[in-house]
Amino acid sequence: MPWIPDSPRRRAPLPWLRRGTDPSGWGYADVPRLTGLTAVLTGGSSGVGLALAEQLAAREAHVVLVARGADETESAARQLCRRATPRHVSAVPVDLADLDDIGTAAGRIGELTDGRVDILVNNAGVAALSPTCTPSGFEAHFAVNHLGHYALTGHLMPALLRTPAPRVVTVSSVLHWLGRLDPVTPHRPARYHRWGAYFASKAANLLFTHGLDTWARAARVPLTAVSAHPGLVHTSLGSRALRESGRHAEARLLEHLQRRWHSPTEAALPILRASTDPTAQAGDFFGPGGYLELSGPAVHVRAAPSTASAAAADRLWQLSKQLTGVAYPAAPPAPHKPELSTGP
Ligand SMILES: NC(=O)c1ccc[n+]([C@@H]2O[C@H](COP(=O)([O-])OP(=O)(O)OC[C@H]3O[C@@H](n4cnc5c(N)ncnc54)[C@H](OP(=O)(O)O)[C@@H]3O)[C@@H](O)[C@H]2O)c1
């Protein structure tokens, strides 16, 4: 009997082996002007984040690059300034593994943006690390890819809610389909595998979007929470960590695969769509519409059913609140009188 029976009614056994469902896609020509809007994005010093920042700044958004290392963040901002007006670019260093640093960075972002953030893109990520704990003792993929973004979003919520239509985009991966969060202690999983930890954190990204949407509805605020994934992209994600742990052959194989698919500029498109498409709805998930969602036009894609579970999203939300100590406001903050300094 063949592995995939030749029956038109039978679905592919791996649900992510399918094309995107929106044949129309979306291109750079569809990205609206963003004059007067502020976009904050994490992981803006390299890869997909830097490509996304270039696109946002080119459309006249004030882009706040949030990335690790003051020098790297400044240098990325300078690189961006060569192509965009310098007044459109600011840089704030943060280590998303360090909860105290996130609070400090959020304060700095408030100063640079006059306390108003229209778009937040939670893009930074780590992958394939050998077992690593953060200063708080949490597994690093879960801590950086999920908890850090939960905390940053919570700290920036007052600034987001001062704008008329705030949007939070969280970047996941098509490989979230393989993600299995430890049901009890995802921050200290009972078993560790470098890719398993990454996949689980990418499933957490989608559960976070679900939890954020639930929170926004309950608090009756006009925030739109959406997700996106870039496909398979030629960046140093994964390969750098593999090399650092001496797994050179695996790093070469990953780089070969990433090079075969698409560039950061093409890969940024689904995230750009999630950030700026005026027709995007809360809970939408965008990705590339081509073969296996590895590349192609920016379309609506499907998330794994496990990430649509309201109970799982709520469990993760409560745990994230407990681990980070960051509680989201129950109601919109009082109207704000700007008193902070403006960006550069
Ligand atoms: N590349 C792919 O094939 C692929 C596929 C699916 C999904 N994605 C997702 O796309 C997003 C962007 O990844 P990428 O491919 O552009 O990788 P990348 O080039 O390695 O960029 C990741 C960014 O995250 C930053 N970062 C890492 N740890 C951080 C921390 N503790 N605090 C603050 N920033 C930190 C990195 O800064 P440093 O340079 O200082 O480390 C870098 O700017 C990630 O969420 C990733 O999961 C990528």
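Structure: above.
Here we summarise the structure given alongside this text. (Residues numbered from 1 in each chain as written. Predicted model: local features only at pLDDT ≥ 70, side-chain atom pairs only at ≥ 80, totals over all residues. Heavy atoms only, no water.)

With respect to the helices, strands and loops of the structure, Thr307 is situated in the loop between strand 8 (298-300) and helix 9 (310-324). Look at Thr307 and you get buried, because its relative accessible area is 5%. In terms of polar contacts, Thr307 uses its side chain to reach the backbone carbonyl oxygen of Ala304, at 2.6 Å. Excluding residues within four positions of it along the chain, Thr307 makes contact with His176, Ala203, Leu206, Leu207 and His210. (Helix = DSSP H or I, 4+ residues; strand = E, 2+ residues; numbered from the N terminus. Buried < 20%, exposed > 50% of the residue type's maximum accessible area, 1.4 Å probe, protein only. Polar contact = N/O pair within 3.5 Å; in protein donor to acceptor, adjacent residues only side chain to side chain. Contact = heavy atoms within 4.5 Å.)

Ordered by their spatial adjacency, 8 strands build an open sheet running 3-2-1-4-5-6-7-8, and the pairing between neighbours is mixed. Pairing within the sheet leaves two strands with one partner each, and these edge strands are strand 3 (89-93) and strand 8. The average angle at which neighbouring strand axes cross in this sheet is 20°, direction not considered. Here helix 3 (residues 99-112) sits on the sheet in contact with strand 1 (38-42), strand 2 (62-67) and strand 3, set at roughly 165° to strand 3. In the packing of helix 4 (residues 140-160) onto the sheet, contacts are made with strand 1, strand 4 (119-122) and strand 5 (167-171), and the angle to strand 4 comes to roughly 180°. (Pairing = 2+ DSSP bridges. Axes fitted to C-alpha atoms, helices over the stretch in contact; angles between N-to-C directions.)

So, on to the packing of helix 5 (residues 194-219) against helix 9. Two quantities define a packed helix pair, namely the angle between the helix axes and the distance between the axes. Direction vectors running N to C along helix 5 and helix 9 enclose 90°, while the axes themselves pass 8 Å from each other. Considering their axes alone, helix 5 and helix 9 lie roughly perpendicular with respect to each other. Counting all contacts with helix 5, which are made through Ala204, Leu207, Phe208, His210, Gly211, Leu212 and Trp215, the residues of helix 9 involved are Ala310, Ala312, Ala313, Leu316 and Trp317. The residue inventory of the contact of helix 5 with helix 9, partitioned by class, reads 10 nonpolar, 2 polar and no charged. (Parallel < 35°, antiparallel > 145°, perpendicular 65-115°, else oblique. Nonpolar A, V, L, I, M, F, W, Y, C, P; charged D, E, K, R; others polar.)

Another point: the site of the ligand. Taken together, 29 residues lie around the ligand, and Arg68, Asn123, Tyr198, Thr235 and Arg240 are the ones closest in. One nitrogen or oxygen atom from the side chain of Ser45 is found 2.9 Å from an oxygen atom belonging to the ligand. Taken together, the elements giving at least two residues each to the shell around the ligand come down to helix 1 (47-58) and helix 5. Of the residues assigned to the shell around the ligand, the class counts are 13 nonpolar, 12 polar and 4 charged. (Near = heavy atom within 4 Å.)

Moving on, we get to helix 9. Compared with an ideal rise of 1.5 Å per residue, which puts 15 residues at 21 Å, helix 9 spans 21 Å between its outermost C-alpha atoms and is within 8% of the ideal. Looking at helix 9, one finds that the buried residues are Ala312, Ala313, Leu316, Trp317, Leu319, Ser320, Leu323 and Thr324. Elements that come into contact with the buried residues of helix 9 comprise helix 3, helix 4 and helix 5. One or two positions beyond helix 9, positive phi appears at Gly325, with a value near 75°. (Expected span 1.5 Å × (residues − 1).)

It is worth spelling out the nonpolar core at this point. With 40 residues, the main nonpolar core has Ile109, Leu212, Trp215, Leu223 and Tyr328 as its most contacted residues. The set of elements that each furnish at least two residues to this core consists of strand 2, helix 3, helix 4 and helix 5. Ranked by residue count, the leading element in this core is helix 4, at 9 residues. Those residues in contact with Ile109 that lie beyond four places of it in its chain are Val40, Val64, Val66, Val92, Val117, Leu152 and Leu156. Listed in part, the 36 residues of the second largest apolar core include Trp26, Leu65, Ala268 and Phe286. (Core = buried A, V, L, I, M, F, W, Y, C linked by side-chain atoms within 4.5 Å.)

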